[in-house]
Amino acid sequence: MSLGCAPTGIMATRRLYYDDSFQREFTARVLSCEPATGAPSPEGKASTWQAILDQTAFYPTSGGQPHDLGRIGDAEVLEVCDHHDEIVHVVDRRLECVPVKGLIDWPRRFDHMQQHTGQHLLSAMFQQHFGLPTVSFHLGTDVCTIDLRGQEPSEQILENSERAAGQMIFEDRRVSVRYGTAEELSRLGVRKEVDREGVLRAIEIAGVELQPCGGTHVKSTGQIGMILVRRCTKIRQDWRVEFVCGGRAEQRARRDFRWLRESAEKLSCAPEEVVSAIGRALAERDANFKNYRELLERLAAAEAALVLQSTPSDSDGLRVIDRIFSGMQPEFLGLFASELAKRENTIALLGDTDCGHVFFAQHPSSGKDMNALLRRVLEKFGGKGGGTRDFARGKVVDPSHLETALVLAREKLSGA
Ligand SMILES: [Zn+2]
C-alpha cells in the first residue's frame, strides 16, 4: 500500500545502510517536508507528510524487502519509498528544516536482515545443488517466499537445500558488500544478467555466492540463526517455497510444537503418535457416520410405517401427511419425507420450527408439483430452496412462520 510518495526536486539521498546495515541511529538535515498528496485529514490539515533528508539509514521498500519503521525527531515514520535517487519518508507530522535525529525500529530491521540474508543463502543452495534458479522473492509479515523455476522440488530437495543452508550457517561465513560495474561483477561470478549502468552493489557470501542487491544483510551467515523451509506450492509455472529465518524460525518452531503438544493432549497420546492417532480417529468417525446414517434410515422407515398406518386418505384418495418438528436434524426430515412418499398417492409436508427447514415430497402417483408448491410458499414467507416435481426442500427466513407456511401449503394442495 502506498501512502502517496510524490516527486520532489530530485537530489540523491545518501543511503547510510549501503555501507553499514547495522547503523540504528543517525543525524541528518531535513531538505524538504511537504504534505503527502491525497491524504488530508478531516480538519483540512495534512495527516501525513513526506520528508526528504540529505542522508538516511531508513531502508525503503524495494527488492522484496519491506521498508523500515522508526522515528525522525518527534515524528513517527509510517512508510519509506524509493523515488528515483531520493528516499521519501512518510511521517505523521511536519518536520522543520533543521538537523534531526533518526532512529530505526531495530527488531523489525534485524528480522528483515535475517530473512533477506537467509533468502540469498537458500536460493544459492537450490541453484547450486539442484539447478533451480530463484525468479522472485517476497518478505511477508508472516512468511517469506522464493519462487523457483524448473522441475518440481521434491520433499527430498527441500530438505537437502535446507540442510545445506544450515551447514553454511554453522560455518558462519562472512557476508560482505562489493562494488563494481556489471562487467566486473560478472567476471567475479555474478550469475544474474545485469543491464544497469555504472557502479553496482553486490552481496557476497564468502565461498557461496555473489549477487547484485541493494538490500540490508547480516554480517555473517551465523547471524541468520537458522532457516526452516515450510512448504512448496505451485504458482503459475513456478514453485513457491515458504521459509522463515532466525527469530521467526524460533518463534514458528515453538508455536508449531505447542500446537502439536496441545493436539496430543486432546488425543491423549504422545506427540510422535499424533498422526496415527488422527488417522484412527478419522476412521472411527467415518465408521460412526456410516452407522449413524444407517440407523437414521431405519428410524425414518419405522416412523413412516407408523404414521402411514394411522393416517387415512382424504375423500379425493390422496393422503397428505403434515408434521412439524422442533430441533430435528434436517437429514432425518429428508429421509422421513422420502420414506412417506414411497407409498402411492401420498404427500409429505414436513418442517422444523427451530431451523425453518421444510421438505415436500410426493409419490409420483399423487400428481402434484412439490417444487412449484415450495416456490409458492417461499414467495409468501421468504426463503430459499428448490427441487424436483416429487421432492423439494427449502428454508423459510423466519422459523416462527413455519406453522402458517405448512397450513398454506396444505391449502394450495387441496385448492390446486
Ligand atoms: Zn540482498
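Residues numbered from 1 in each chain as written. Predicted model: local features only at pLDDT ≥ 70, side-chain atom pairs only at ≥ 80, totals over all residues. Heavy atoms only, no water.

Attention shifts here to the layout of surface pockets. Its volume calculated, the second largest pocket comes out at about 220 Å³. For the lining of the second largest pocket, the secondary-structure elements that each account for two or more residues are helix 1 (16-19), strand 11 (175-180) and strand 12 (200-205). Along the lines of polarity and charge, the residues of the lining of the second largest pocket split into seven nonpolar, five polar and five charged. Counting residues domain by domain, the lining of the second largest pocket receives three or more from each of domain 1 (14-104) and domain 2 (110-256). (1 Å grid on protein atoms, 1.4 Å probe; cavity = no way out; pocket = protein on both sides within 12 Å on 5 of 7 lines; lining within 4 Å. Points joined across faces, edges and corners; volume = space filled by probe spheres on them. Helix = DSSP H or I, 4+ residues; strand = E, 2+ residues; numbered from the N terminus. Nonpolar A, V, L, I, M, F, W, Y, C, P; charged D, E, K, R; others polar. Domains from an automatic or database assignment.)

The subject of this paragraph is the confidence of the model for the protein. Taken residue by residue, the protein gives an average pLDDT of 92. The fraction at 70 or more is 94%. Contacts of residues 1-8 to residues separated by more than four positions or lying in other chains number 20 contacts, the stretch itself having pLDDT below 50. (pLDDT = per-residue confidence, 0-100. Contact = heavy atoms within 4.5 Å.)

Let us now look at the sheet that holds strand 12. Here three strands make up an open sheet; going across it, the order is 11-12-13 and the pairing antiparallel. Strands with a single pairing partner mark the edges of an open sheet, and in this sheet they are strand 11 and strand 13 (209-212). Adjacent strand axes in the sheet meet at a mean angle of 30° when their direction is disregarded. Relative to strand 12, strand 11 runs antiparallel, the two being bridged by six bridges. In the sheet register, R178 faces strand 12, and the bridge partner there is A202. (Pairing = 2+ DSSP bridges. Axes fitted to C-alpha atoms, helices over the stretch in contact; angles between N-to-C directions.)

Turning our attention to the pattern of salt bridges. Evaluation of the coordinates by the stated rule reveals 23 salt bridges. E242 serves as the salt-bridge partner of R231, at 3.1 Å between the closest nitrogen and oxygen. Note that R231 is positioned in strand 14 (residues 227-235) and E242 in strand 15 (residues 238-245), a separation of 11 residues in sequence. Assessed through its relative accessible area of 47%, R231 is described here as partly exposed. (Salt bridge = Lys/Arg side-chain N within 4 Å of Asp/Glu carboxyl O. Buried < 20%, exposed > 50% of the residue type's maximum accessible area, 1.4 Å probe, protein only.)

Across the eight residues of strand 15, seven count as buried, placing the element largely inside the fold. Of the strand pairs in this sheet, strand 14 and strand 15 are connected by eight bridges, and their pairing is antiparallel. Among the inter-strand pairings, T233 is bridged to a residue of strand 15, identified as R240. Counting the residues between successive antiparallel strands, the hairpin from strand 14 to strand 15 contains two residues, one of them, R236, with a positive phi of roughly 50°.

As a further point, take the coordination of the zinc ion. Under perfect tetrahedral coordination by four donors, a metal shows angles of 109.5 degrees; under perfect octahedral coordination by six donors, it shows angles of 90 or 180 degrees. The protein atoms that coordinate the zinc ion are H116 (NE2), H120 (NE2), C213 (SG) and H217 (NE2), at distances of 2.0 to 2.1 Å. Classification of the site at the zinc ion as tetrahedral follows from its four donor atoms and the range of 101 to 124° in their angles at the metal. The motif formed by the donor residues of the zinc ion, counted along the single chain, is H-x3-H-x92-C-x3-H. With a gap of 97 residues between them, H120 in helix 2 (residues 106-130) and H217 in the loop between strand 13 and strand 14 connect regions that are remote in the sequence. Owing to a relative accessible area of 5%, H120 belongs among the buried residues under this scheme. Classification of H217 as buried rests on a relative accessible area of 4%. (Donors = N, O, S within 2.8 Å, 3.2 Å for Na, K, Ca; no water. Tetrahedral: all angles 85-135°; square planar, octahedral: opposite > 155°, others 65-115°.)

Bringing the sheet that holds strand 19 (residues 383-387) into the picture now. Across a sheet, strands are paired by hydrogen bonds formed along the backbone, either parallel or antiparallel in direction. Spatial ordering of the open sheet is given by 16-17-18-20-19, a layout of five strands whose pairing is mixed. Whereas interior strands pair on both sides, the edge strands pair on one side only; in this sheet they are strand 16 (319-325) and strand 19. Strand-to-strand twist of the sheet, defined as the mean angle between neighbouring strand axes without regard to direction, takes the value 10°. As defined by bridge partners, strand 16 adjoins strand 17 (residues 346-352) across seven bridges and the pair is classed as parallel. Across the sheet, the residue bridging to I324 is G351, located in strand 17.

Before going further, it helps to spend a moment on the packing of helix 5 (residues 246-267) against helix 6 (residues 274-310). At a minimum axis distance of 10 Å, the contact between helix 5 and helix 6 shows a crossing angle of 45°. When the axis of helix 5 is compared with that of helix 6, the two are oblique. By crossing handedness, the relation of helix 5 to helix 6 is classed as left-handed. Contacts between helix 5 and helix 6 involve L260, S263, A264 and L267 from the former and V274, A277 and I278 from the latter. For the contact of helix 5 with helix 6, the per-class residue count stands at six nonpolar, one polar and no charged. (Parallel < 35°, antiparallel > 145°, perpendicular 65-115°, else oblique. Left-handed = near helix turned anticlockwise from the far one by under 90°.)

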